[in-house]
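# Structure assessment
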Amino acid sequence: MKKHEIILNIINQELEIDINEITRERKYVDGRSIFYWLCTHYTDLNFSQISKLLGKNHATVLHSIKNFPYLIEYDAELKEMFDKIHMKVLAEIDSKNKEMSIDEMVSSHNYLLLENESLKKRISDLENQNELLKKQIIHGK
């Protein structure tokens, strides 16, 4: 089974949908976005090849890939879904192919760096909220 097939199967199983369906329902759009992102990071397929797998245009894939990091930064539910699918894809691909290519390692490394920055920002935001709450409690507001 090819990597893009593994990715497609895991997404369809986890979301209990078929992302090939022609619909703009949010869960299908999100599923396709996850598919595009994972395919660009874990396969050798280009945007045009990825788009053809789902009957879309290469510009659709490009647009989705550009916006995906922002979507998962602000949509906790999508982020959680993506992380779960991403880990399953990595586990499945690793079991099929024990050695990662340099591109896959760089991609994983970059993803982890982005994730680390995102988590640092969330921690900082939570600390700031905590300080505000403490001040409100002290001043009886």
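Details of the structure are given in the entry above.
Keep in mind that this is a model prediction, so the values were computed, not measured. Think of each chain on its own: its residues are numbered from 1, step by step along the sequence as written. Totals for whole chains, interfaces and linings use every residue, but because this is a predicted model, local features are given only for residues with pLDDT of at least 70 and side-chain atom pairs only at 80 or more, for both listing and counting. Side-chain numbers come from the whole structure's heavy atoms, not from hydrogens or water.

## Some remarks on helix H2 (residues 26-42)
Defined as follows: Under the DSSP-based scheme used, a helix requires at least four consecutive residues in state H or I and a strand at least two consecutive residues in state E, with every element numbered from the N terminus. Expected helix span is given by 1.5 Å per residue-to-residue step, counting one fewer step than there are residues. Relative accessibility under 20% of the residue-type maximum defines a buried residue, over 50% an exposed one, and the middle range a partly exposed one, all with a 1.4 Å probe and only protein chains included.
Over its 17 residues, H2 extends 24 Å from the first C-alpha to the last, a length consistent with the 24 Å expected when each residue adds 1.5 Å. Along H2, twelve of the 17 residues are buried, which leaves the element largely enclosed by surrounding structure. Within the sequence span of H2, burial applies to Tyr28, Asp30, Gly31, Arg32, Ser33, Ile34, Phe35, Tyr36, Trp37, Leu38, Cys39 and Tyr42.

## Describing the nonpolar core
We apply this condition: What makes a nonpolar core is a set of buried Ala, Val, Leu, Ile, Met, Phe, Trp, Tyr and Cys residues whose side-chain atoms join them at distances within 4.5 Å.
One finds Ile11, Ile34, Phe35, Leu38 and Ile85 to be the most contacted residues of the largest nonpolar core, which totals 30 residues. Elements with a minimum of two residues in this core: helix H1 (3-15), H2, helix H4 (58-74) and helix H5 (76-96). The element best represented in this core is H2, accounting for eight residues.

## Remarks on a nonpolar patch on the surface
Note the following rule: Note that patches include only residues with greater than 30% relative accessible area and no salt bridge, and the join distances are 9 Å for like charges and 5 Å for nonpolar side chains (Val, Leu, Ile, Met, Phe, Trp, Tyr). To measure how exposed things are, a 1.4 Å probe is used in the Shrake-Rupley method; for residues, cover is taken only from the protein chains shown. Any carboxyl oxygen of Asp or Glu within 4 Å of a side-chain nitrogen of Lys or Arg constitutes a salt bridge here.
On the surface, Ile102, Met105 and Val106 cluster together into a nonpolar patch covering about 280 Å² of accessible area. The topology assignment puts Val106 in helix H6 (residues 102-138).

## Focus on the pattern of salt bridges
One pass over the structure, following the stated rule, counts eight salt bridges. In this structure, the salt-bridge partner of Glu14 is Lys84, at a minimum N-O distance of 3.2 Å. A residue pair is termed long-range when its members are at least 10 positions apart, and Glu14 in helix H1 and Lys84 in helix H5 qualify at 70 residues. Note that Lys79 and Glu115 form a salt bridge whose closest N and O atoms lie 2.6 Å from each other. Taken together, the positions of Lys79 in helix H5 and Glu115 in helix H6 put the pair 36 residues apart, joining distant regions of the chain.

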